[in-house]
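# Structural description and commentary
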Amino acid sequence: MTVDAFSPGYVELQVTTNFTFLQGAAHPEELAAQAAVLGHDAVAVTDHNTLAGVVRGHLGAKTAGIRVIVGTRLNFADGTPSLLCLPTDLTAYSRLSRLLTVGKRRAEKAQCRLSATDLFSPDGIFARGAGQVLIAIAPENPGADFPSFLSQMRDELESETYLAATHLYRGDDTRRLAQLADIAKTARIPLVATNDAHYHVPERRALADVLTCIREHCTIDSAGHRLTLNAERHLKPAAEMARLFRDYP
Amino acid sequence: MPAEGDILQRLRGRIAAIERAGNGARADQACLPLGVSAIDDHLPGGGLATSAVHEILDGDGNNKTKTTENKTKYPVRRKFGESPSGPVTAFAAALAGRAQQARAAPVIWIAPRLPGRESLYGPGLLSFGLDPADLVIVRVASDSDFTKTALWAMEEALRAPAVGVVCAEIEEMGLTASRRLQLAAKTGGGLGLLLRPVSRDASEDTALPPNASISRWRISALPGAPPEAPWLPARLPGQPRWKAELLRVRGGRPKTWQLEWRDDGHDTDTGRNSSQPAGGFALVSPLRDRPVPQKTARPPIPHANRQARAN
Amino acid sequence: MLAAPEGGATRLSAVTLTARKAGLFPGQTLADARALSPELAVHDHDPGGDAAALDALADWCRRYTPWAAPSGLESGGAAGLWLDISGCAHLFGGEVAMLDDLTGRLARVGYTVRAGLADTTGAAWAAARFGRPAQAVTIIMAEGKHPETLAHLPIAALRLPPETLDGLDRLGLRNIADLAALPRAGLARRFGELPARRLDQAFGQIDEPISPRAPAPVWRLRTAFPEALGREEDIAAAVRNLAEALCNRLARAEHGARRLELCLYRVAGRVDTIEAGTSRASRDPDHLMRLLKEQLDRLPEPPTSAPDPLSAAAEAMVETLTLAAIGTEPLHMTQTGITTGLPNDTERDPDALEQLVDRLSGRLGANNVRRFSARESYLPERVQTSTPALADKQPKTAANTPSDSPWKPALPRPPRLLTRPELVEAVAPVPDDPPVMFRWHGHLHRITRAEGPERIAPEWWRTPDAAAGNTILDDDTRDYYRVEDEDGRRFWLYRNGLYDRHRNADDPPKWYLHGFFG
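Residues numbered from 1 in each chain as written. Chains lettered and ligands numbered in written order. Predicted model: local features only at pLDDT ≥ 70, side-chain atom pairs only at ≥ 80, totals over all residues. Heavy atoms only, no water.

### A few points about the overall build of chain A
The number of helices and strands found in chain A is eight helices and six strands. For chain A, the succession of helices and strands along the chain, N to C, is α-β-α-β-β-α-α-β-α-β-α-β-α-α. Within chain A, the proportion of its 249 residues that are buried is 58%. Accessible surface, chain A as shown: approximately 9,900 Å² in total, 56% of it carbon and sulfur. (Helix = DSSP H or I, 4+ residues; strand = E, 2+ residues; numbered from the N terminus. Buried < 20%, exposed > 50% of the residue type's maximum accessible area, 1.4 Å probe, protein only. Areas by Shrake-Rupley, 256 points an atom, 1.4 Å probe, with all protein chains shown as cover.)

The structure is reproduced here in structure tokens:
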């Protein structure tokens, strides 16, 4: 079913809703409705270490007449690069939710603690990635071990593995995309375009900034670089995404 | 990446400079190496003499390599805001930054006050190694008294032993005034850099009135390097390059180099900064311009890591 | 005689003593006055000039006491000056001698002075204006018998506004005794609490401090010269003596000066005031002297009305000097360093830079000697601010650059930034590819290399006008490009506004040049 997501019609696969506490700046329903307006035939809901948003996302998608792609963004406590995990069947889904439950039990209230061991250990909870679509998210400055991490994902996890590429108008996007493309080529995994959406329309940037301030316990004037540079993290039409990634078909 | 030998040489140069300075040696023997052995070896004393004033001219008005037609394209250099060009600013900032680090002393920058015009920008200066937090800006009203007042300020600053470098954007300069500056620099021990925003017409060097500066440079922009990593699109800008002409130097011969700014602190592949401070000068190597695409040139994937993580 | 237009007719604002005798009074129309005395000399009233003159006079009077303040017209009656001479009079040989000196000096430079001396402010005010008319100086030393002593003075002597005076006059009250006899409660109901307060103040029943024109400094030294000084060297030597004495006093109290004020009282009554600031507390007489000397040498020639150069020089001579540390900070013994003067001295004197900053600030103005500071912002022009170096109490010392410093740009930034970005004509593929060429100041730059866009959105929580000194008026989302032309010149361009989101197709977003790369 997710295979459709990579066909010419674009689907946003990296979506943070307001079910990620103080990060996402839109309801899953709003995101689903906007995705339908833009002509996407599905929208993903990938909150951080939680599946809490998928039910509302599902309802919203149903109303909007599109599909929802259920998933989670896995953030690790030990510096392992984040992953989007999109289960394709019920077993894969239940293994993902078990992983999250265990992670939550380890940590304080409303937190979830995961490490690389959870991901890679053959007899661990995750029990390898069979049935999952995994999309790695490159860190800000991909170190020398990032390509090896990708190779390890590809080789050890029995799942479809991709590398997410974003074009967020940060100035160095051309450079960064070229670098990611090179890494992906080296690690022999395909590149997939996402926009790391945090809200459905650009007008929500202000709300996202306010959430950042609450999260970071700072005032808007002192928040500095923790705020968003621009208002580009919204859902974008397929043509726009195709233009941004035209060098990487 | 600079070769290991290069780094060693640079370190030796710096140690030597520190020793020269620390031993109470005569002030006029102390030098500020540029960190490029080809230039440092050419300069008497192994670098720019500190306790002295040097001149940096702006070459972008009349780049010698350009055709006459090009020359007339910039009839008035003043349009650039009467401030030194980017390359001159960067070159001076790089020299000042090196001195700032070597002497752990602040930098004074004297410039005309031009409301609404271009001004020094800290983040940009920092990328050439000059720490803006340790910089004192002196603004002199750009009226008829400008030259007199700016020279006074530069002399005062040079005379102060607490100051490492004094940069001054002064256009006009008489022989007597430049002698006074030289004397002040000898007293204070700092490095004086005169940035002369307008370099006059063609036979510039002879047209400029004689003065007592120890050396005279002219810096112009050169088309920059292509991006370093072979996989990057060639249309992206790479490291900045300048033509550095040493027009004259006391006790040495004129020479011209093609310089490149090697920003070690900037990961040239990603364009983002690593934690290291700024880099240094390097000669333009003709080899680097045409990188031979080789498979082995890429860092091999370290598989050792993978073993460790799997267990 | 002064006149000012008021309510359609030109009325007299102030009249001289002679004019008053001729029957003229303030408020009279100029036409009536001319009918009474055709030969009268009329000048335009200049309230601003009056206030400035009064301020200057207050400065001049600070030779006698630091507590000198103008008393404006707001207190009713003619404006004047307050001097609180408590504890100062003995320096001049007593209160009477001091008054004689003051009135004598002012008379010599052409003022007609009426002075009142009393042990309460109210009584002094009354004495100066309503004392015995024949005498320039009226002294009221009531010592607790104020009601009796002041009883015969008119109510106008109580500094009450004209409306109140009119009202009291209509009640038939003429002098202070009449007013004092009235029941306080009724008085307050009718005229507010002011008349009662003024009575109490005049009688010394409540304190009334005067607010001096300048805050009274603790550290003030004064020298008067029996023979006025004319030569610059002599003046400088005298200032130097004062500076040393001041530093000694500061040292005893373990204080150092942050601001100095030197006043030169010239024979002609003019006062020149020099202020100098230090970036760190100092009590080094050499340093302080250098700061003062820098400005002393550049004092403008005093304007003079003297007919010949000789008398002009005589008028410019200095009779009295005061030197004050008007701002001080605790400064302990160990902090005063000694300048070694050795070049390349690794143990450099930490004071040396501050001393240089002080000297530069002294001559160029503190506003022109600045340090940069940075804050985290995506907007390039918001990253850097500069403040006067003098005000900077903790100057940075060694060059240490933490990687997360707000100075450190995530992406390359130019070493020169235009304070006001300049409009350029650029040709670029829509919607957001880098420009292929741009024209600036009539010259076409063909772009060979480019990178971008870096999309920087406005800081939505700040209204564009709120930012002081924000010279970029049209605040929209900007797309920044780093470009290089065929000659290797590197520029920082931005497009103000996005094509696809721009409201009006006829008014496409404009391009600007914002900086020059190295």
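### Quick word on unusual backbone geometry
Residue and element names in this part refer to chain C. For the bond running from Gly-452 to Pro-453, omega is 0 degrees, close enough to zero to count as cis. Its location among the elements puts Pro-453 in strand 16 (residues 443-456). Positive phi outside glycine occurs at Glu-254, with the angle close to 55 degrees. Mapped onto the elements, Glu-254 comes out in the loop between helix 11 (232-252) and strand 9 (255-266).

### Some thoughts on empty space enclosed by the protein
Tallying each qualifying case throughout the model produces twelve cavities of 30 Å³ or more. Counted as a void, the second largest cavity has a volume near 90 Å³. Lining the second largest cavity, in full, are Gly-171 and Asp-172 of chain A together with Leu-411, Pro-412, Arg-413, Glu-451, Gly-452, Glu-454, Tyr-480, Tyr-481, Arg-482 and Trp-492 of chain C. Secondary structure elements with two or more residues in the lining of the second largest cavity: strand 16 and strand 17 (478-485) of chain C. (1 Å grid on protein atoms, 1.4 Å probe; cavity = no way out; pocket = protein on both sides within 12 Å on 5 of 7 lines; lining within 4 Å. Points joined across faces, edges and corners; volume = space filled by probe spheres on them.)

### Regarding the packing of helix 1 (residues 28-37) of chain A against helix 2 (residues 54-64) of chain A
Residue and element names in this part refer to chain A. Put simply, helix 1 and helix 2 touch, their axes get as near as 8 Å, and they point 30 degrees apart. Relative to helix 2, helix 1 is oriented so that their crossing is right-handed. For the pair helix 1 and helix 2, contact is made by Pro-28, Glu-29, Ala-32, Ala-33 and Ala-36 and by Arg-56, Gly-57, Gly-60, Ala-61 and Ala-64, respectively. A class-by-class count of the residues in the contact of helix 1 with helix 2 yields six nonpolar, two polar and two charged. (Axes fitted to C-alpha atoms, helices over the stretch in contact; angles between N-to-C directions. Left-handed = near helix turned anticlockwise from the far one by under 90°. Contact = heavy atoms within 4.5 Å. Nonpolar A, V, L, I, M, F, W, Y, C, P; charged D, E, K, R; others polar.)

### Considering the packing of helix 11 of chain C against helix 12 (residues 285-296) of chain C
All names here are of chain C. Contact geometry for helix 11 and helix 12: axes closest at 9 Å, N-to-C directions at 145 degrees. Here the hand of the crossing between helix 11 and helix 12 comes out right-handed. When helix 11 is examined against helix 12, the residues Ala-236, Val-239, Arg-240, Ala-243, Glu-244 and Cys-247 are found in contact with a partner set consisting of Pro-285, Asp-286, Leu-288, Met-289, Leu-292, Lys-293 and Leu-296. Of the residues assigned to the contact of helix 11 with helix 12, the class counts are nine nonpolar, no polar and four charged.

### Focus on the packing of aromatic side chains
All names here are of chain B. Counted under the stated rule, the structure contains 18 aromatic pairs over all chains. Seen from their ring centres, Phe-128 and Trp-242 are 5.9 Å apart, and the 45 degrees between their planes marks the pair as tilted. Here Phe-128 is found in the loop between helix 5 (122-127) and strand 6 (135-141), whereas its partner Trp-242 is found in strand 10 (residues 241-249), with 114 residues between them in sequence. Comparing Phe-128 with Trp-242, the two get one shared label, buried. When the ring of Trp-242 is compared with that of Phe-281, the centres are 6.2 Å apart and the planes differ by 75 degrees; the resulting orientation is edge-to-face. Here the residue Trp-242 occupies a position in strand 10, and Phe-281 occupies one in strand 12 (residues 280-283), the gap between them amounting to 39 residues. (Phe/Tyr/Trp six-rings, centres within 6.5 Å; stacked < 30°, edge-to-face > 60°.)

### Looking at the side chain of Thr-278 of chain C
Residue and element names in this part refer to chain C. Positionally, Thr-278 belongs in strand 10 (residues 271-282). For Thr-278, a relative accessible area of 2% corresponds to the buried category. At 2.8 Å, the side chain of Thr-278 forms a polar contact with the backbone oxygen of Ala-257. Residues in contact with Thr-278, not counting those within four places in the same chain, are Ala-257, Arg-258, His-287, Leu-288, Leu-291, Asp-358 and Leu-390. (Polar contact = N/O pair within 3.5 Å; in protein donor to acceptor, adjacent residues only side chain to side chain.)

### Let's talk about the sheet that holds strand 8 (residues 219-229) of chain C
Residues and elements named next belong to chain C. If you trace the four strands from one edge of the open sheet to the other, you get 8-11-9-10, paired in antiparallel fashion. Both outer strands of the open sheet, strand 8 and strand 10, are each paired with one neighbouring strand and no more. Along the sheet, successive strands turn relative to each other by an average axial angle of 15 degrees, direction set aside. In this sheet, strand 11 (residues 318-330) lies alongside strand 8 in antiparallel orientation, the contact comprising seven bridges. Pairing of Trp-219 across the sheet is with Ala-325, part of strand 11. Along the sheet, helix 11 makes contact with strand 8, strand 9, strand 10 and strand 11, crossing strand 8 at roughly 155 degrees. (Pairing = 2+ DSSP bridges.)

### Here we look at the confidence of the model for chain A
Where the model shows low pLDDT, its predicted coordinates should not be examined in detail. Here chain A shows a mean pLDDT of 86. Residues at 70 or above account for 94%. Here residues 1-7 of chain A scores under 50 on pLDDT; set against residues more than four positions off or in separate chains, the count is 13 contacts. (pLDDT = per-residue confidence, 0-100.)

### Overview of the pattern of salt bridges
Inspection of the entire model under this criterion finds 50 salt bridges over all chains. Between Glu-156 of chain B and Arg-359 of chain C there is a salt bridge, with its nearest N and O atoms 2.5 Å apart. Taken together, the residues Glu-156 of chain B in helix 6 (residues 146-159) and Arg-359 of chain C in helix 14 (residues 350-364) connect one chain to another. The pair formed by Glu-156 of chain B and Arg-359 of chain C is uniform in burial state, with each residue classed as buried. Between Glu-260 of chain B and Arg-241 of chain B there is a salt bridge whose closest N-O contact spans 2.7 Å. Of this pair, Glu-260 of chain B sits in strand 11 (residues 255-262) while Arg-241 of chain B is found in strand 10, placing the two residues 19 residues apart along the sequence. One connected set of salt bridges, linked through shared partners, spans Glu-232, Lys-236, Glu-240 and Arg-243 of chain A together with Asp-432, Arg-455, Asp-479 and Arg-495 of chain C. (Salt bridge = Lys/Arg side-chain N within 4 Å of Asp/Glu carboxyl O.)

### Quick look at the nonpolar core
Counting residues in hydrophobic clusters, the biggest one holds 54 residues, and the most contacted among them are Leu-74, Leu-83, Leu-96, Leu-150, Met-153 and Leu-163 of chain A. For this core, the element with the most residues is helix 6 (residues 173-187) of chain A, which contributes five residues. In this structure Met-153 of chain A touches Leu-83, Phe-120, Leu-134, Ala-136 and Thr-161 of chain A, once residues within four positions along its chain are discounted. Judged by nonpolar contacts, the second largest core, of 44 residues, contains Leu-95, Leu-125, Val-249 and Trp-261 of chain B. (Core = buried A, V, L, I, M, F, W, Y, C linked by side-chain atoms within 4.5 Å.)

### Considering the sheet that holds strand 2 (residues 67-74) of chain A
Residue and element names in this part refer to chain A. On the basis of which strands lie adjacent, the open sheet formed by six strands has the order 1-2-3-4-5-6 and mixed pairing. Strand pairing shows two members of the sheet lacking a second neighbour, strand 1 (42-48) and strand 6 (191-194), which therefore form its edges. Taken over all neighbouring pairs, the strand axes of this sheet differ in orientation by 30 degrees on average, direction set aside. Relative to strand 3 (residues 83-87), strand 2 runs antiparallel, the two being bridged by three bridges. The partner of Thr-72 across the bridge, within strand 3, is Cys-85. Contacts between helix 2 and the sheet are confined to strand 1 and strand 2, with strand 2 contributing the most and set at about 155 degrees to the helix.

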